[in-house]
Amino acid sequence: MAPHTAKDEGPQPPPPITPGGTYSIQTVSVGCKLYIRRPGPDGQEEERLAEILSIRDKPTNAYGVRRRGEVKQEEPQRPEERLEFFVHWDQFNKRLDEWVSGTRLVLSRDLEWPRPKAPPATKKVVGKKTPAKNNRQQSLLKRAATANALAVGKAAKAEPGTPGPSTPASARASPSPAPTIGKKRKALHEEDEEDEDDLDADAEGEMDVDAEGEVLDLDGAEHPQPPPPVSAFSKEQEIEKLRTSGSMTQSISEIARVKNLNRLQIGKHEVDAWYFSPYPKEYAHLPVLYICEFCLSYFGSAFMLSRHRKRCNLLHPPGNEIYRHDDISFFELDGKRQLTYCRNLSLLSKCFLDHKTLYYDVTPFLYYVMCQRDSSGCHMVGYFSKEKESADNYNVACILTLPQHQRHGYGKLLIEFSYELSKREGKLGSPEKPLSDLGLLGYRAYWAETIIDLLMNTTEDVSIDDIAQKTSITHADVMNTYAHLSSAPLSPCTTLQLFKHYKGQHVISIPEAVQERYKKAKEKRKRRIHPECLIWKPPVFSRDQLRFGW
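Participant: Describe the sheet that holds strand E11 (residues 320-325), listing the residues and the values that go with them.
Facilitator: Across the sheet, which stays open at both edges, the five strands sit in the order E11-E12-E13-E14-E16 with antiparallel pairing between neighbours. Bordering the open sheet on either side are E11 and strand E16 (398-401), each of which pairs with just one other strand. Ignoring which end each strand starts from, the neighbouring axes of this sheet average 20° apart. Pairing analysis gives seven bridges linking strand E12 (residues 328-334) to strand E13 (residues 365-374), with the strands arranged antiparallel. Each residue of the ladder has a partner; that of Ser329, found in E13, is Cys371.

Participant: Let's hear about the pattern of salt bridges: which residues, and what values?
Facilitator: Tallied over the entire structure, the rule returns 19 salt bridges. Notably, a salt bridge pairs Glu46 with Arg38, separated by 3.7 Å at the nearest N-O pair. Given the relative accessible area of 21%, Glu46 is considered partly exposed. Overall, the relative accessible area of 14% leaves Arg38 in the buried class. For Glu416, the salt bridge goes to Arg528, with nearest N and O atoms at 3.5 Å. Of the two residues, Glu416 is situated in helix H8 (residues 410-425) and Arg528 in the segment after helix H13 (512-524); the sequence distance between them amounts to 112 residues. Several salt bridges share partner residues, and in doing so they unite Arg38, Glu46 and Arg48 into one network.

Participant: Go over the sheet that holds strand E8 (residues 269-272) with me, naming the residues and quoting the values.
Facilitator: Reading across the sheet, the four strands line up as E8-E7-E9-E10 and stay open at both edges, with mixed pairing between neighbours. Looking at which strands have only one partner, the edges of the open sheet turn out to be E8 and strand E10 (298-299). Pairing of strand E7 (residues 263-266) with E8, which is carried by four bridges, proceeds in the antiparallel orientation. Looking at E8, one finds that Gln265 is bridged to Glu270.

Participant: Just give me the short version of unusual backbone geometry, but keep the residues and values in it.
Facilitator: With glycine set apart, most residues show a phi of negative sign, and most peptide bonds adopt trans. The omega angle of the peptide bond from Lys433 to Pro434 is -5°, so this bond is cis rather than trans. Positive phi, close to 70°, is recorded for Gln91, a residue that is not glycine. Here Gln91 is to be found in the loop between strand E4 (83-89) and strand E5 (98-101). The exposure class assigned to Gln91 is exposed, which follows from its relative accessible area of 70%.

So, how was this worked out
Residues numbered from 1 in each chain as written. Predicted model: local features only at pLDDT ≥ 70, side-chain atom pairs only at ≥ 80, totals over all residues. Heavy atoms only, no water. Pairing = 2+ DSSP bridges. Helix = DSSP H or I, 4+ residues; strand = E, 2+ residues; numbered from the N terminus. Axes fitted to C-alpha atoms, helices over the stretch in contact; angles between N-to-C directions. Salt bridge = Lys/Arg side-chain N within 4 Å of Asp/Glu carboxyl O. Buried < 20%, exposed > 50% of the residue type's maximum accessible area, 1.4 Å probe, protein only.

The following block contains the structure:
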């Protein structure tokens, strides 16, 4: 999933190429593509094409261990050892983006510069006005991650080295200790950027948004209004939109931020962070961020975590245990009562969820945390959140299985538990759309397995409404007429080709191949939700309890 993909808008000039061995590391700027060494699937080192998204000086660990009386002497470093590059691997998913040292850059191979932009074509219309293309939102999202390639730092200085062809000196970003917010290129938006630094009060991250749009010549017609600048976006507006739009982020710049965490240590597991998460600035870019697995507090060193564990008396999430079977327990938490824990949980989940944002205001949500019990306590495996009052009847807002527990069947267990709560409420439920790539795969598998299980164990005729009422899956998820559209989750019935036209009506037919796959999946799946172990009543909130403040 590349950070931006250019649309086919006619023939484009080829990108400028600098031959290998004729440039230095100071020449490399944001937006360039070159080969970088990375571990291969077979354990051997390989060279992969990657795009540079950001450049910085190697950060120093403020929580590093230093002996008493020891004076640290700074030694001059080569540029290869001093600089770090945030790269997106070509043909790889965005969650694999990472910071790499300058020593891993292969300077002996060709360097590809950003493709120069063609001059915008003017459009003249006689008689009536032609509306502008409705792709400004998408173009902003595509350019947001690489806007530094077209931006100039506020105090940028030219680095020594040979500039690339067709690349102006002002377009080269100079590395700095911390990512800086670049200026937009359009003069139309420059005056709206004075207070943009205030937006980045939490952890450091790139928030550049290139707001350049198309120029239309409509013979005196008014130009389309530009989108609101990033500086005009506030957390208060985000919260207001969360009231009506669930947990999906409304700010394009939130998605484009550069990942600020490297690794997380949760209990005995150490995992890589996937995306940006707004932890405080002093914890950004640490080698490892240490997280207490019971209260989810975060610390900059192992010593600080060990000192915290001597005082922390939590052995399970601070909520009500509503389900217990074997070694699996579910805890229900109210975001308004367990404010600190839910905020820490949202910060942690943001490391692995790209388009979700629940860390601004957690009070409108209920959290259901799944834990695995042992002699030392209840260790969190995953969770899902849901709105206390959802206008769209969503039964899940965010859902996450921690990476160290994925591919063990816990995702389906979380999904099954969310639908079990919907059955207790007597409602049809559906997850908040759009789903992430991993979420779509999990829900699609659960829908298919649940519907096939119902049809295989039913001898009487059933309709789509009967399936929906017995499984609490909405009619749209059971049978979606627009299933083949890429923007909507696929319906399991359409995906499995269960619908047949027989004697003038549609009937559901289960092929033998589907039955065999169902039997194998049923034998493989060991963990299931047992409704008799659920001790829970749907919570009822008064109007005062639903009045949230932040």
